[in-house]
Amino acid sequence: MLTKWRLEMPLHLMLIPGLVAILIFSYIPMVGVVIAFQKFMPVKGLFGSEWIGLDNFRYMTELPGFYRIVWNTIFIATMKIVSGLVVPVTIAILLNEIRKEFYKRSIQTLIYLPYFLSWVILSGILIDILSPSKGIVNLFIQWLGFESQFFLGDNKWFPYTLVISNEWKEFGFSTIVYLAAIAGINPSLYEAAIVDGANRWKQIWHITLPGMTPIIVLMATLSIGSILNAGFEQVFNLYSPVVYESGDIIDTFVYRIGLVEAQYGLATAVGLLKSVVSLILISVSYFLAYRFANYRIF
Amino acid sequence: MVGRGTWSMRIFQIMNYSFLTLLAIVCVLPLIHLFAISLSSNSAATAGEVFLWPVDFTTKSYEFVLSESAFMKAMGVTLLRVLLGVSLNMALTILVAYPLSKDASALTGRTVYVWIFVFTMLFSGGIIPMYMTMRLLGLLDTVWVLVLHAAVPVFNVVILLNFFRNLPKELEEAALIDGAGHWRIMWSIFVPLSAASIATVTLFAIVMHWNSWFDGILFMNSPDNYPLQSYLYTVVVGMQAIISSSTDLELLEMVSDRTAKAAQLFVGALPVLIVYPFLQRHFTKGIVLGSVKE
């Protein structure tokens, strides 16, 4: 008994710095969510402010445009989730058909790259190349004989610009997961199929794709949890008041009412509602993934 | 070999190669375009003459960037932040991942510990309580606020702990019998054997600290203390936010210095472009073994 404890003690000691850090920087802020139930005044502080129950939540649902913002969030997030599944799966299958190892690796290296750049850098680039007057994209569109479009300043285009540019940043990185799944498929299945006379199309359709199904189902299931995350960093960098109507999402809204307009209680209430709904969705999707795909994160 | 033979297959191969090449080009072309603009004269850039090669080659915009004291100051804040932040992140990632990679029988309360960490990935107080906590601790406007608020990167911990779990149990057992303690096993066996995975999470930590911009804007009251990406946000991107109509926005584009913006963005992206090729060959292995389990 004593020796087991002596052996274990270093393990507990190792955990202390990490535990202290998240206690201070993650758990203490969680206590702060109580201001969602207060008429919070910074001068009076957390304990001196007046408690107003659910008033902030009620007020929130009465705000003009609140449902518009929820709709924008879900609409943008759904498109991102769907494209975030379809594009990387397709690219992984196509990449897998490349036989020249060097070529395959070069392409992979290049397509991961945008993932590692910040939204500030990428937005700077996008604002430049999508500019209606001098951006290369619009110069190209004009050259083709069409009228130039203001992708970042037009409510018709803005949500799609968000989805496509997000996919441009993310798809290469997500492709890794699917390539790994393909690499895990038993090679003897292909050998058997070739003996049976299956061409490459048939091999893709009957072996590669079914071999990827579990991981596709898993990724799809886990993505349910992110339905309220339409991407704060990206939207915040790309939007302007002109496109609030189509581009304002819950997170950017919380930032504006909270830190720009200083309505702390209200902003925290909106944020809290979003976090709670997300937490429930993540838990459900994790449970489903555990149940049906036998997936565990640790 | 497979795939030779039929015409349709051959056509598919040609199209596949072309398509993927095109796709890879689309991923890097904007960066090359940006670089070409940054090395062109402002008049050529404004006239839209620059595509992939500088027109009227000049390094004027880089001279401007290097002489801009606010830019250099922000760069200094970022370098300090990356140095402190990545060291702290890596120390804590390893220290947390090692014990949690043990079975529940070898570490009493493992499940509880794991959930304490994982819960922080699922739920947070949000930006306002976070800001108030940092103010309470007196950390606003210091580099420490940037380093500490993400001290334990839980996602990286999960990657590394799964990698640790896949190492053969016999190694640890043999070392224990030889009288090594956990500190020794962690440092002399697990860490060296996990080089690929550690390289991966180090890359993630570097990129995270280098790329963060929102925490700078949130926690720094004075723009003097902004890290580089927050500074870039205000000078390159954020100006949009104060503009209220699309004509203003177009006007702003006309007057602002396109080449200087491009140069600042390129310098902001450069370190990641340099670090990335060295570490990326590890990360396919590092991530896949760490995150996808059979």
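Residues numbered from 1 in each chain as written. Chains lettered and ligands numbered in written order. Predicted model: local features only at pLDDT ≥ 70, side-chain atom pairs only at ≥ 80, totals over all residues. Heavy atoms only, no water.

J.: Just to check I follow, could you spell out the overall build of chain A for this structure?
T.: Across its full length, chain A holds 14 helices and 2 strands. Considered along the principal axes of its C-alpha atoms, chain A spans approximately 80 × 80 × 30 Å. For chain A, the proportion of its 298 residues judged to be buried stands at 52%. Counted over contacts in chain A with a minimum sequence separation of 6, partners at least 24 positions apart contribute 63%. Approximately 14000 Å² of chain A is accessible, and the part contributed by carbon and sulfur atoms is 69%. (Helix = DSSP H or I, 4+ residues; strand = E, 2+ residues; numbered from the N terminus. Buried < 20%, exposed > 50% of the residue type's maximum accessible area, 1.4 Å probe, protein only. Contact = heavy atoms within 4.5 Å. Areas by Shrake-Rupley, 256 points an atom, 1.4 Å probe, with all protein chains shown as cover.)

J.: Would you explain the UniProt feature "domain: ABC transmembrane type-1" (unreviewed entry) in chain A in this entry?
T.: Using the residue numbers shown here, the UniProt feature "domain: ABC transmembrane type-1" (unreviewed entry) corresponds to residues 70–285 of chain A. The straight-line gap between the two end C-alpha atoms of residues 70–285 of chain A is 21 Å; of that span, 75% is helix and 0% is strand. (UniProt positions renumbered as here; feature names shortened; annotations may be inferred.)

J.: What is the right way to read the environment of Val267(B) from this model?
T.: All names here are of chain B. Along the polypeptide, Val-267 turns up in helix 15 (residues 258–291). For Val-267, a relative accessible area of 15% puts it in the buried group. Taking the C-alpha atoms as reference points, Val-267 and Phe-35, separated by 232 residues in sequence, lie 9.6 Å from one another. Ignoring any residue separated from it by four or fewer positions in sequence, one finds Val-267 in contact with Tyr-62, Phe-71, Met-75 and Trp-210.

J.: Can you help me understand the UniProt feature "transmembrane region" (unreviewed entry) in chain B in this one?
T.: Residue and element names in this part refer to chain B. UniProt records the feature "transmembrane region" (unreviewed entry) for residues 71–100, 112–131, 143–164, 185–210 and 263–279 in the present numbering. Helix makes up 100% of residues 71–100 and strand makes up 0%, while its end C-alpha atoms are separated by 42 Å. Strand forms 0% of residues 143–164 and helix 77%; the C-alpha atoms that close the span are 32 Å apart.

J.: What exactly am I supposed to notice about the packing of aromatic side chains here?
T.: Given two aromatic rings, one states the distance between the centres and the angle between the planes to describe the pair. All told, the structure shown has 34 aromatic pairs over all chains when counted by the stated rule. Feature note: the residues Phe232(A), Phe236(A), Tyr239(A), Tyr244(A), Tyr255(A), Trp213(B), Phe214(B) and Tyr233(B) constitute an aromatic cluster, connected by ring pairs. Its end group placed over the ring of Tyr115(A), Lys169(A) keeps NZ or CZ at 5.7 Å from the ring centre. (Phe/Tyr/Trp six-rings, centres within 6.5 Å; stacked < 30°, edge-to-face > 60°. Lys NZ or Arg CZ within 6 Å of the ring centre and 35° of its normal.)

J.: Would you take a moment to explain the interface of chain A and chain B for this structure?
T.: When the parts of a complex come together, some accessible area is lost, and that lost area is often taken as the interface size. On the side of chain B, 108 residues touch chain A, which itself brings 95 residues to the contact. Summing both sides of the interface, chain A and chain B together bury roughly 9100 Å²; the carbon and sulfur share of this comes to 77%. Connecting chain A to chain B are 1 salt bridge. The salt bridge partner of Arg258(B) is Asp128(A), with a shortest N-O separation of 2.8 Å. Across the contact surface, chain A and chain B share 14 residue pairs in polar contact (both at pLDDT 80 or more). No other element matches helix 1 (residues 2–31) of chain A, which puts 21 residues into the side of chain A that touches chain B. Grouping the constituent residues of the side of chain A that touches chain B by class yields 68 nonpolar, 17 polar and 10 charged. (Buried area = accessible area lost by both parts, 1.4 Å probe. Salt bridge = Lys/Arg side-chain N within 4 Å of Asp/Glu carboxyl O. Polar contact = N/O pair within 3.5 Å; in protein donor to acceptor, adjacent residues only side chain to side chain. Nonpolar A, V, L, I, M, F, W, Y, C, P; charged D, E, K, R; others polar.)

J.: Any chance you could explain unusual backbone geometry here in plain terms?
T.: Negative phi characterises most residues that are not glycine, and trans characterises most peptide bonds. Residues and elements named next belong to chain B. For Asp-56, which is not glycine, the phi torsion reads 55° and is therefore positive. Within the secondary structure layout, Asp-56 lies in the loop between helix 2 (42–46) and helix 3 (60–67). Judged by its relative accessible area of 48%, Asp-56 is partly exposed. At Asp-141, a residue that is not glycine, the phi angle is positive and equals roughly 65°.

J.: Even after reading the chapter, I still don't get the UniProt feature "transmembrane region" (unreviewed entry) in chain A, so can you show me in this structure?
T.: When the UniProt feature table is mapped onto this chain, "transmembrane region" (unreviewed entry) is found at residues 12–37, 69–95, 107–130, 171–190, 211–232 and 264–289 of chain A. Its end C-alpha atoms 25 Å apart, residues 107–130 of chain A is made of 71% helix and 0% strand.

J.: I keep staring at the pattern of salt bridges and nothing clicks. Help me out?
T.: Side-chain pairs of opposite charge can arise where the charged atoms are in close proximity. Residues and elements named next belong to chain B. Counted according to the given criterion, the structure contains 8 salt bridges over all chains. The residue Asp-215 makes a salt bridge to Arg-81 at a minimum N-O spacing of 2.8 Å. Taken together, the residues span a long stretch of sequence, with Asp-215 in helix 12 (residues 214–219) and Arg-81 in helix 4 (residues 69–100) at a distance of 134 residues. Across the pair, Arg-81 and Asp-215 agree in class, each one buried.

J.: So what exactly am I meant to see when it comes to the nonpolar core here?
T.: The nonpolar side chains of soluble globular proteins are, as a tendency, buried together. The biggest cluster of nonpolar side chains holds 156 residues, and the ones touching the most others in it are Ile111(A), Phe116(A) and Leu100(B). The element that contributes the greatest number of residues to this core is helix 4 of chain B, accounting for 14 residues. If we skip the residues at most four places from it in the chain, Ile111(A) touches Ile91(A), Leu95(A), Phe171(A), Gly172(A), Ala24(B) and Cys27(B). In terms of nonpolar packing, the next biggest core, distinct from the first, is built from 25 residues, Phe40(A), Leu63(A), Leu228(A) and Val270(A) among them. (Core = buried A, V, L, I, M, F, W, Y, C linked by side-chain atoms within 4.5 Å.)

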